Amino acid sequence: DGGITQSPKYLFRKEGQNVTLSCEQNLNHDAMYWYRQDPGQGLRLIYYSQIVNDFQKGDIAEGYSVSREKKESFPLTVTSAQKNPTAFYLCASSKQGRDYGYTFGSGTRLTVV
Amino acid sequence: GQQVMQIPQYQHVQEGEDFTTYCNSSTTLSNIQWYKQRPGGHPVFLIQLVKSGEVKKQKRLTFQFGEAKKNSSLHITATQTTDVGTYFCAGSNSGYSTLTFGKGTMLLVSP
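Residues numbered from 1 in each chain as written. Chains lettered and ligands numbered in written order. Predicted model: local features only at pLDDT ≥ 70, side-chain atom pairs only at ≥ 80, totals over all residues. Heavy atoms only, no water.

1. So, the pattern of salt bridges
All names here are of chain A.
Thinking step 1. As enumerated under the stated definition, the model contains five salt bridges over all chains in all.
Thinking step 2. For the salt bridge of Arg-36 with Asp-38, the shortest nitrogen-to-oxygen distance reads 2.8 Å.
Thinking step 3. Assessed through its relative accessible area of 12%, Asp-38 is described here as buried.
Thinking step 4. Several salt bridges converge on common partners, so that one network encompasses Arg-36, Asp-38 and Arg-44. (Salt bridge = Lys/Arg side-chain N within 4 Å of Asp/Glu carboxyl O. Buried < 20%, exposed > 50% of the residue type's maximum accessible area, 1.4 Å probe, protein only.)

2. As for the sheet that holds strand β8 (residues 71–76) of chain B
All names here are of chain B.
Thinking step 1. Reading across the sheet, the five strands line up as β1-β3-β8-β7-β6 and stay open at both edges, with antiparallel pairing between neighbours. Only two strands of the sheet have a single partner each, and these edge strands are β1 (4–7) and β6 (55–58). Neighbouring strand axes in the sheet, compared pairwise and without regard to direction, differ in orientation by 15° on average.
Thinking step 2. Relative to β8, strand β3 (residues 19–25) runs antiparallel, the two sharing six bridges. Among the inter-strand pairings, Asn-24 is bridged to a residue of β8, identified as Asn-71. (Pairing = 2+ DSSP bridges. Helix = DSSP H or I, 4+ residues; strand = E, 2+ residues; numbered from the N terminus. Axes fitted to C-alpha atoms, helices over the stretch in contact; angles between N-to-C directions.)

3. Overview of the state of the cysteines
Thinking step 1. Considering all chains together, one arrives at two disulfides over all chains under this definition.
Thinking step 2. Cys-23 of chain A shares a disulfide with Cys-91 of chain A; S-S distance 1.9 Å. With the S-S bond torsion at -75°, the cross-link from Cys-23 of chain A to Cys-91 of chain A turns out left-handed. Of this pair, Cys-23 of chain A sits in strand β3 (residues 19–25) while Cys-91 of chain A sits in strand β9 (residues 87–94); the two residues are 68 residues apart in sequence, bridging distant segments of the chain.
Thinking step 3. A relative accessible area of 0% places Cys-23 of chain A in the buried class.
Thinking step 4. Here Cys-91 of chain A falls in the buried class, since its relative accessible area comes to 0%.
Thinking step 5. Covalently, Cys-23 of chain B is tied to Cys-89 of chain B through a disulfide, its sulfur atoms 2.0 Å apart. Across the S-S bond linking Cys-23 of chain B and Cys-89 of chain B, the dihedral sits near 75°, which makes this disulfide right-handed. Here Cys-23 of chain B is found in strand β3, whereas its partner Cys-89 of chain B is found in strand β9 (residues 85–92), with 66 residues between them in sequence. (Disulfide = S-S within 2.5 Å.)

Below, the structure written as structure tokens:
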């Protein structure tokens, strides 16, 4: 079955460390997205990519970085510059254009200890 | 930037009661989508509305897009415990821009 896979499901990080969250999709979708979800805050866009080797900042990109070297993969690095990284991170993908909904992964819950 | 407001933030109903959540955008939207997130889960796409005044139904769920394409609503008739979750609306102001999500309405249904 086609889908979008995020790993790990839970991640603990010490302050000052960078950590990379994995996102892989086999849906042949061109666009991929990273959202952050905090209680009562909805989903906020971190970065998105509409094509391989290209990506754009979302609303809350500071302290994060991404790469898009392959169509299937869109890893997110949470750097030590992110002041409040504890959150639920959701990766999504979609076909290009307005007629398509997003398919979300099951998320990674990151906790800074 | 574009803002999408959703009300209420939370609603608790008895099973069998109806439920409605409302979504309002600060700008005219190209399309609006609705998602459901079960507790502990991830958002799942429900439906998309594109046309002014559009109404779509999925069993007990009715989705509406306002005439001015700046507001939308989701109505659930005779709620069931399986309807529990957070319902998000998400709007886009062009065909190739990203979605802006509302903060969601959390629905709790008591048996």
